[in-house]
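Observations on the three-dimensional arrangement
Spelled out from the first residue to the last, the chains are:
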Amino acid sequence: MNGNHENPKPKRNPNPYRQNRPTAPKANSGEVKHNETKQEAAKPKQASAQKEPRSNTGNTSNKNNNRKPNPNRKPNPNQKTTSNKNANKGRGRRKQQPTNVSPAMKECLLENERVQQERMNPWKQISLQSKGKIRFTPLGGLGEIGGNIAVMESENSAFIIDVGMSFPDETMHGVDILVPDFSYLHTIKDKIKGIVITHSHEDHIGAMPYLFKELKFPIYATPLALAMIENKFNEHGLSADTKYFNFITKRKQYQIGDFKIEWMHMTHSIVDSSSLAIETPVGTVIHTADFKIDHTPIDGYTADLHRFAHYGAKGVLCLFSDSTNSHNPGFTKSEKVVGGTFDRLFDLAKGRVIMSTFSSNVHRITQAMERAIDHGRKICVIGRSMERNIETTRKLGYINVDDKHFIEPHEVPKYKDGDILIVTTGSQGENMAALSRMATDEHRHIKLKPSDTIIISASAIPGNEGSVSKLMNLLMKSGVTIRYKEFNDIHVSGHAAQEEQKLILRLVQPKFFLPVHGEYNHIAAHAKTAAGCGVDPRNMLLMSDGDQVEITPKFIKKVKSIKTGKRYIDNMNNKEIYDDVVVDRQKLASDGIVNISMQVSSDTKKPNGKISVSTFGIIPNKDDKRFEKEIEQIVESYFLTNKIEGSVNSKKIEEDIRGSVRKQIVRTKKLYPIIMVTAFISK
Ligand SMILES: [Zn+2]
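What follows is about unusual backbone geometry. The backbone of A289 shows a phi angle near 55°, a positive value even though the residue is not glycine. One can find A289 in the loop between β11 (283-287) and α11 (305-314). Positive phi, normally seen in glycine, also occurs at K670, with a value near 55°. Looking at where K670 falls in the secondary structure, it is placed in the loop between α21 (650-669) and β26 (674-682). Note on K670: relative accessible area 64%, which makes it exposed.

In C-alpha cells:
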C-alpha cells in the first residue's frame, strides 16, 4: 500500500455518493457556507490548494450516504444531479405526507450533517501549516512476532519504544535468544533522549541489558517494567545502571526531547501495560503497544479508553496498533473466563494440580492461586523465571497472597496430594524448564504420579508447536491427566481481535494508520479492518523492519531503509555468538566436514608420507574408507599435475587443494561441507 499522499490523485474515480453530500465543496459554496467548520471557513482556499485527500471524508461518509434517504428531508437545491429526481419523488408524496420542512428544520438538518462530518474526522483539526515532520523506524517486531523495538525522531531529538528480544529458529544452533541489531541507534545516539517501555514482556524488554552494554539512555517506564529490567541488569552486572530509571505515573505527560508522552493504562496478558499518547511537533500520535480490551480484568483496572477518546476527539495524526490477532473475528475473551475453567478443573482434580503458564502472566497465576486457597491447597512455585516474577510482583503488590499459603518444593511430599498446587514454567515445552524435567523424570523434587492433574494454561507460540507436542507425549506416557486445549477457556489471548481493533480505530479516528506488531499477513489484515473503519487505504503503510517512515500533517511515506538484523545470544553465558560461527554451525549440521592434513617436503615439493583424510556427516561410516581414498587421490593428482615453482607455499597448496576437493564433492554429493586442509612443510 503506498502511503505517499502529498499529491492526491485527481484521476481517481469520482465518489458516486459525493453529489448527495451537503458539505461537498459545491454545496458549501452556496447557502451552506455558514455551516463550514471554523478551520475550513478560516482557510477554504488553502484547503483546496493543499489538495487534502478528500476521500478521507468520503470514506466515512460513504456509510452515511448509504443510509436510507430521509423521506421528510426537503431536496437540496444545490444538489444538481439528484435534485430533479428527488423533487419528483417529493412531489409524488406530497399528498400523503404533508410535512413541511421549514427553513429552521432544514438548517438543523444541515447543521447535524456538519456536526457528524466533523465528529467522524476529528483529525481535520490538525493544522496543515506545520512544516515539521517526524520519522518512525521499526528496528524489530515487523515481519516477525516479537523482538519489538522502534525509534521515533524529530529534527533534533529521538526516543526508543521498547527493546525486546525474540527466539531463534531451529537452524540457529546453540542460539537461545535473538536481540536486535543496534547499529542504527549508534548513528543517532546524540539525538536519543530516552527509552520508553510499554510493558514488561520479554519481547519488549528482553534485549535491554544488551543495549546497555553498548549505549545507555534514560529509561521511562512504570514500576513493574523497571523492576523486571532491574532483575536483568543485576544478572548482567549492570546494577549501577538503575540510575537511568524514571518511574512514570499514568495519565501524566512527560517531556522527552521534542515529545510529550502519556502512558495510558491498557489491558494485556501482563499487568501494568500501557499504550502511549505522544504529542509530537506535527500532531498527536498514538501507539497501542500490545493490547486487548478486557472489560472485566482481574485487577479491575480496565483499559483507559477515556484517554483514547480524549485524544481522538482532539485529532490524532497517526495510530500505530497491535496486529498480532488481526485474523481473529470478534472479541478476545476476558482473562476472567479462565478462572471459571480453573474452578471446574480444581473440582475435578483428585491429586496434585500442576499448573503451567507464561511466568509473566500475573493474573493467570493469581487466578490459579486463589482457586488453590479456596480448595485448601498449598502453593509451591517451581522454575527460575516463575519464582522471580512472582517474587517481584508480590513485592510490588500485584499479587496479594499471604506467605502462609506458600511452601518450598522439598516440602511437597509432607502434604497430601489433594492439598497441593504447583505453579511452574515450561508451557512452551522448553527443554530446561521445570515441567519438561518433571516429564522426563529429571526433576529433583517432583516425581509425576498418575493421580496428578497437569493444566497447561497457554497456547504454543508459533514455532514452539513441536516442542509442546513432544512435552505432551512425555506427559501422557507418564499417565497423568492433562488439561489443555479441549477446554476452550483454559487460556485466552492477550491480544485484540478485530472488534477490539475496531474499537480503538473508532475511538482514535486517526488520519494515518500504521499497523504494527506482526508478520506481513497480520498487518495486512489489520489494514483491511482499518479501511472498514473509515481510514483511507492510501493513508496506511505496511511496514517491514528497517523501513523509515516520514510523517507530516499532509502525508506519510517511506523515505529510507535502515540496516536491521538480529544478533545471536547464548543464554548460558549471556554472550553474543558471531554470525560466522552460526553459519559454520549451519554448514556443519547440513553438509558435514572434511579434514585433510599432510606433510610436504620443501626439497621434493611432494607429500612426505601418508595423506590423512577424515570426514564427518557426509557419508555412512561403512563407506568412509572408499571416500577418503577418493580424496587422497585428488590430493595426489594435484601434486602430480601442478609443478611448484620456487619455494613451497603452504597457504597456496591448502587453497588449491580445498578448491579441487570442493569441486569433486559438489559434483558427486551435491554438498558444501566445511573443508579443512593443513599442509606442514618439512625437509
Ligand atoms: Zn506483550
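Next up on the list: the side chain of R364. Within the element layout of this structure, R364 appears in helix α13 (residues 362-374). At 3.3 Å, the side chain of R364 forms a polar contact with the backbone oxygen of V492. Apart from residues no more than four positions distant in its own chain, R364 is found in contact with E335, V338, F342, M355, T357, S457, I490, H491 and V492.

Taken in spatial order, the 8 strands of this open sheet run β7-β6-β5-β3-β2-β1-β20-β21, and their pairing is mixed. At either margin of the open sheet sits one strand with a lone partner, and together these are β7 (245-247) and β21 (556-561). Within the sheet, the average angular offset between the axes of one strand and its neighbour, ignoring direction, is 25°. Strands in contact with helix α10 (residues 223-235) are β6 (219-221) and β7; relative to β7, the strand with the most contacts, it is inclined by about 160°.

Inspection of the secondary structure puts T341 in helix α12 (residues 336-348). T341 sits in the buried class, given a relative accessible area of 3%.

Let's shift gears to the coordination of the zinc ion. Taken together, H199 (NE2), H201 (ND1), H268 (NE2) and D290 (OD) make up the protein donors of the zinc ion, found 2.1 to 2.3 Å from the metal. Bound by 4 donor atoms, the zinc ion shows angles of 92 to 161° at the metal and therefore irregular coordination geometry. The motif formed by the donor residues of the zinc ion, counted along the single chain, is H-x1-H-x66-H-x21-D. Linking H268 in the loop between β9 (259-266) and β10 (273-280) with D290 in the loop between β11 and α11, this pair joins segments that are 22 residues apart in sequence.

Given 3.6 residues per turn, any residue in an α-helix points the same way as the ones three and four places further on. Between its terminal C-alpha atoms helix α18 (residues 520-532) stretches 19 Å, which fits the 18 Å expected from 13 residues at 1.5 Å a residue. The complete set of buried residues in α18 reads H522, I523, A525, H526, A527, T529 and A530. Against the buried residues of α18 lie β12 (316-322), α17 (498-508) and β19 (512-516). Just beyond α18, the residue with positive phi is G534, at close to 90°.

Counting residues in each nonpolar core, the largest one holds 62 residues, and the members touching the most others are L185, I195, M208 and I219. Of the residues forming this core, the biggest block, 6 residues, is contributed by α10. The contacts of I195, once residues within four sequence positions are left out, are I160, V163, M208, L211, F212, F217, P218, I219 and Y220. Residues F308, C318, L505 and L541 belong to the second largest nonpolar core, which totals 56 residues.

Within this structure, the stated rule accounts for 4 cavities of 30 Å³ or more. When its volume is computed, the largest cavity comes out at roughly 130 Å³. Around the largest cavity sit 20 residues that line it, and T267, H268, D294, P297 and H363 are the ones nearest its centre. Tallied by class, residues from the lining of the largest cavity come to 6 nonpolar, 9 polar and 5 charged.

For the structure on display, the rule yields 7 aromatic pairs. Summarising the aromatic geometry, the rings of Y638 and F639 are spaced 5.2 Å apart at their centres and angled 80° between planes, so their arrangement reads as edge-to-face. Note on Y638: relative accessible area 8%, which makes it buried.

The next point concerns the sheet that holds β26. The strand order across the open sheet formed by 3 strands is β25-β24-β26, and the pairing between neighbours is mixed. The sheet is open, and its two edges are formed by β25 (612-616) and β26, each paired on a single side. For this sheet, the mean inter-axis angle between neighbouring strands, taken without regard to orientation, is 10°. Bridge count between strand β24 (residues 593-601) and β26: 9 bridges; the pairing is parallel. Bridge pairing in β26 places V600 opposite I681. Running at roughly 135° to β25, helix α20 (residues 624-641) makes contact with β24 and β25 of the sheet.

Here M598 is to be found in strand β24. Taking the relative accessible area as the measure of exposure, M598 reaches 3% and is therefore buried. In this structure, the C-alpha to C-alpha distance between M598 and I611, residues 13 residues apart in sequence, is 4.9 Å. When residues no more than four places from it in sequence are discounted, the contact partners of M598 are I611, V635, F639, I657, V677, T678, A679 and F680.

Thresholds applied
- Residues numbered from 1 in each chain as written.
- Predicted model: local features only at pLDDT ≥ 70, side-chain atom pairs only at ≥ 80, totals over all residues.
- Heavy atoms only, no water.
- Helix = DSSP H or I, 4+ residues; strand = E, 2+ residues; numbered from the N terminus.
- Buried < 20%, exposed > 50% of the residue type's maximum accessible area, 1.4 Å probe, protein only.
- Polar contact = N/O pair within 3.5 Å; in protein donor to acceptor, adjacent residues only side chain to side chain.
- Contact = heavy atoms within 4.5 Å.
- Pairing = 2+ DSSP bridges.
- Axes fitted to C-alpha atoms, helices over the stretch in contact; angles between N-to-C directions.
- Donors = N, O, S within 2.8 Å, 3.2 Å for Na, K, Ca; no water.
- Tetrahedral: all angles 85-135°; square planar, octahedral: opposite > 155°, others 65-115°.
- Expected span 1.5 Å × (residues − 1).
- Core = buried A, V, L, I, M, F, W, Y, C linked by side-chain atoms within 4.5 Å.
- 1 Å grid on protein atoms, 1.4 Å probe; cavity = no way out; pocket = protein on both sides within 12 Å on 5 of 7 lines; lining within 4 Å.
- Points joined across faces, edges and corners; volume = space filled by probe spheres on them.
- Nonpolar A, V, L, I, M, F, W, Y, C, P; charged D, E, K, R; others polar.
- Phe/Tyr/Trp six-rings, centres within 6.5 Å; stacked < 30°, edge-to-face > 60°.

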